[in-house]
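# A look at the structure
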Amino acid sequence: METRIVHTKIWDDQWFFNLSPEAQRLFLFLLSCREINICGIFELPDTKIQYYMRYDEATLKKIKKELPTKVKFWCGWVAVKNVDLYNRYAGPHNEIARENQLKVAPKIMIDYVRGIDTSINTSMDTHLNTNHNLNHNQNNNKRVEEIKSRIRKKFRVEHKNEN
């Protein structure tokens, strides 16, 4: 069984205190769900959040609007800014794990977590890739194509629902 530690100081955090009870609950869920990892960037589609939190689509959309300074939601990915403040993992093995997780995370999410302004023409095709091994690049390209395919399917479904 995996364990998550959420520091009790979260209850003294002014930002957290000012959230609605439902937004607090969602934030705690994101810090403690199975999908969260050391780098704080992970895949978690809205449908899964809705299932676990028992929110309908409209409720989740409303609650997400309270979290943009600490959490970014993008194309089935979630990024929790400053995740180390809430759940700290240290040591050389954890640093290696963190770097490996960042290699597959979308660049827009990495930039968000690191506090880089991504509001100007960001491309989902780029990934943080410190390993210039050709085989690794091919794996990343395959992953990018999978993400693109999911996005295309999602937009087709959303556009049909809007009509």
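Residues numbered from 1 in each chain as written. Predicted model: local features only at pLDDT ≥ 70, side-chain atom pairs only at ≥ 80, totals over all residues. Heavy atoms only, no water.

### Concerning the packing of helix 3 (residues 46–53) against helix 4 (residues 57–64)
Here is the rule: All axes are obtained by fitting lines to C-alpha atoms, using only the stretch in contact for helices, and the reported angles, taken between N-to-C directions, cover 0 to 180 degrees. Secondary structure elements are taken from DSSP: a helix is a run of H or I of four residues or more, a strand is a run of E of two residues or more, and numbering for both begins at the N terminus. Throughout this description, any angle smaller than 35 degrees is read as roughly parallel, any larger than 145 degrees as roughly antiparallel, any in the 65 to 115 degree range as roughly perpendicular, and the remainder as oblique. For this analysis, residues touch if any pair of their heavy atoms sits within 4.5 Å.
Relative orientation of the contacting elements helix 3 and helix 4 amounts to 100°, with a least axis distance of 10 Å. Accordingly, the angle class assigned to the pair helix 3 and helix 4 is roughly perpendicular. Residues Asp46, Ile49 and Gln50 of helix 3 lie in contact with helix 4, whose contacting residues are Glu57, Leu60 and Lys64.

### Some details on the environment of Ser32
For the record, the criterion: Between buried and exposed lies partly exposed: a residue is buried under 20% and exposed over 50% of the maximum accessible area for its type, with that area taken using a 1.4 Å probe on protein chains only. We define a polar contact as two N or O atoms separated by no more than 3.5 Å, with the added condition that, inside protein, one atom must be a possible hydrogen donor and the other a possible acceptor, whereas residues neighbouring each other in sequence contribute only through side-chain atom pairs.
Its location among the elements puts Ser32 in helix 2 (residues 21–32). On the accessibility criterion, Ser32 (40% relative accessible area) is partly exposed. When the C-alpha atoms of Ser32 and Val6 are compared, they prove to be 7.7 Å apart, with 26 residues separating the residues in sequence. Here the side chain of Ser32 touches Leu28 through a polar contact of 2.8 Å, landing on its backbone oxygen.

### Let's talk about helix 6 (residues 92–104)
Basically, it comes down to this: To estimate how far a helix should reach, multiply one less than its number of residues by 1.5 Å. This arc describes the spread of directions from the helix axis toward the C-beta atoms.
Over its 13 residues, helix 6 extends 19 Å from the first C-alpha to the last, a length consistent with the 18 Å expected when each residue adds 1.5 Å. All buried positions along helix 6 are accounted for by Arg98, Leu102 and Lys103. The buried residues of helix 6 all sit within an arc of 140° when viewed along its axis, so they share a single face. Among the exposed residues of helix 6, those oriented more than 90 degrees off its buried face are His93 and Ile96.

On their own, these measurements won't tell you what the molecule is for.
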